[in-house]
Amino acid sequence: MTKIIMITGGQRSGKSRYAESLALSLSPTPVYMATAHIWDDEFRQRVAKHKQRRGPEWTNIEEEKHLSRHDLSGRVAVVDCITLWCTNFFFRRDRAEWEQPSVDEALGALKDEFDRLTRQDATFIFVTNEIGWGGVSENAIQRRFTDLEGWMNQYVASKADEVVLMVSGIPVRIK
């Protein structure tokens, strides 16, 4: 039976560590699905630290967009993270600024992919950020992205069996 757990909170609130700990409590051999695109050396180092923290019991999958192409049936999978996954649908590196998808187009594609992924009989632990807590940006592109992620977070939360808010490393169950 499919189970969806969403872990949300601010940056450096302990979301990933909590998600990894939860996954290991549910399975001796969980899957870590990384959605990040490696933009620069600093981010590459962040990814390396995350990988070092996880041991050999983890199956690591790097997939920027099409998560559903991986068979996770019967597994426990951490999807880290919705924020970076949204970025991959919001911004296409192969297109000019005026050719980028609209928020509605990106949101539709994300919802469709989420639904395809979660049709699998697996336990999914989605990690995400609450980026809208920082105020309204002066930058129009950032406002559009905040809208996209906020609506995607709401969609995932509506489908989730459990939602946990991380505050200063402390998990607070909200659903």
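Parameters and conventions
Going along each chain's sequence as written, the residues are numbered from 1 onward. Only residues with pLDDT of at least 70 are given local features in this predicted model, and only at 80 or more are side-chain atom pairs given and counted; all residues enter the totals for whole chains, interfaces and linings. Neither water nor hydrogens contribute to the side-chain values; these are computed over all heavy atoms in the structure. Numbering of helices and strands starts at the N terminus; helices are DSSP runs of H or I of at least 4 residues and strands are runs of E of at least 2. Only protein chains enter the accessibility calculation, which uses a 1.4 Å probe. A residue is then buried if its area is under 20% of the maximum for its type, exposed if over 50%, and partly exposed in between. In this analysis, two residues are considered to be in contact whenever any of their non-hydrogen atoms come within 4.5 Å of each other. His residues and chain termini do not enter the charge count, which takes Lys and Arg as positive and Asp and Glu as negative. Note on charges: their place is set at NZ of Lys, CZ of Arg, CG of Asp or CD of Glu. Cavities and pockets were defined on a 1 Å grid built from protein atoms only: a cavity is a group of points that admits a 1.4 Å probe but offers it no way out, a pocket is an open group of points flanked by protein on both sides within 12 Å along at least five of seven lines, and a lining residue is one with an atom within 4 Å of any such point. Grid points are joined across faces, edges and corners, and a volume is the space filled by probe spheres set on the points. Just so you know the grouping, Ala, Val, Leu, Ile, Met, Phe, Trp, Tyr, Cys and Pro go in nonpolar, Asp, Glu, Lys and Arg go in charged, and all remaining residues, Gly too, go in polar. Note: two strands are recorded as paired if DSSP finds a minimum of 2 bridges between them. To obtain an axis, a line is fitted to C-alpha atoms, over the contacting stretch when the element is a helix, and the angle between two such axes runs from 0 to 180 degrees between their N-to-C directions. To estimate the expected span of a helix, subtract one from its residue number and multiply by 1.5 Å. The reported arc concerns the directions from the helix axis to the C-beta atoms and nothing else.

Participant: For this particular structure, what's the right way to read the overall build of the chain?
Facilitator: The helix and strand inventory of the chain stands at five helices and seven strands. In sequence order, the secondary structure elements of the chain are arranged as β-α-β-α-β-β-α-α-β-α-β-β. Seen along its three principal axes, the alpha-carbon backbone of the chain occupies a region of about 45 × 35 × 35 Å. Buried residues in the chain amount to 43% of all 175 residues. Counting only contacts in the chain whose residues sit at least 6 apart along the sequence, the fraction spanning at least 24 positions is 77%. Between the centroid of the 24 positive side chains of the chain and the centroid of its 25 negative side chains there is a distance of 3 Å.

Participant: What is the right way to look at unusual backbone geometry in this model?
Facilitator: Peptide bonds are trans in most cases, and residues, glycine excluded, mostly fall at negative phi. Note that the residue after Asp80, namely Cys81, is joined by a cis bond; omega there is 10°. Its identity is not glycine, yet Arg12 carries a phi of approximately 60°, on the positive side. Relative to the assigned elements, Arg12 resides in the loop between β1 (3-9) and α1 (15-26). Assessed through its relative accessible area of 65%, Arg12 is described here as exposed. One non-glycine residue, Ser168, lies in positive phi territory at about 50°. By secondary structure assignment, the location of Ser168 is in the loop between β6 (162-167) and β7 (170-173).

Participant: Sorry if this is basic, but what is going on with the layout of surface pockets here?
Facilitator: The volume enclosed by the largest pocket comes to roughly 1,100 Å³. Of all the secondary-structure elements, those providing two or more residues to the lining of the largest pocket are α1, β2 (31-34), α2 (41-53), α3 (82-90) and α5 (140-159). Looking at the lining of the largest pocket, the element that brings in the most residues is α2, giving nine residues. Of the residues belonging to the lining of the largest pocket, the class tally is twelve nonpolar, ten polar and eleven charged.

Participant: Would you mind showing me how to read the sheet that holds strand β4 (residues 76-80) here?
Facilitator: Strands belonging to one sheet form pairs held by backbone hydrogen bonds; the direction of such a pair is parallel or antiparallel. Ordered in space as β3-β2-β4-β5-β1-β6-β7, the seven strands form an open sheet in which the pairing is mixed. Of all the strands in the sheet, the pair left with one neighbour each is β3 (59-62) and β7. The mean angle between the axes of side-by-side strands here comes to 20°, regardless of whether they run parallel or antiparallel. With four bridges connecting them, β2 and β4 associate as parallel partners.

Participant: For this particular structure, what's the right way to read α5?
Facilitator: What sets the pattern is the α-helix's 3.6 residues per turn: residues three or four places apart point alike. Look at α5: 29 Å from first C-alpha to last across 20 residues, which is about the 28 Å you get at 1.5 Å a residue. Turning to α5, its buried residues number three or more, namely Phe145, Leu148, Glu149, Met152, Asn153, Tyr155 and Val156. One face of α5 carries all of its buried residues, which in axial projection span an arc of 160°. Looking at the buried side of α5, the elements it contacts are β1, α3, α4 (103-117) and β5 (123-127).

Participant: So what exactly am I meant to see when it comes to the environment of Thr146 here?
Facilitator: Considering the arrangement of structural elements, one finds Thr146 in helix α5. Its relative accessible area of 24% is what places Thr146 among the partly exposed residues. Between the C-alpha atom of Thr146 and that of Val136, which follows or precedes it by ten residues, the distance is 8.9 Å. Excluding its chain neighbours within four sequence positions, the residues that come into contact with Thr146 are Ile131 and Gly132.

Purely geometric numbers; function is a separate question.
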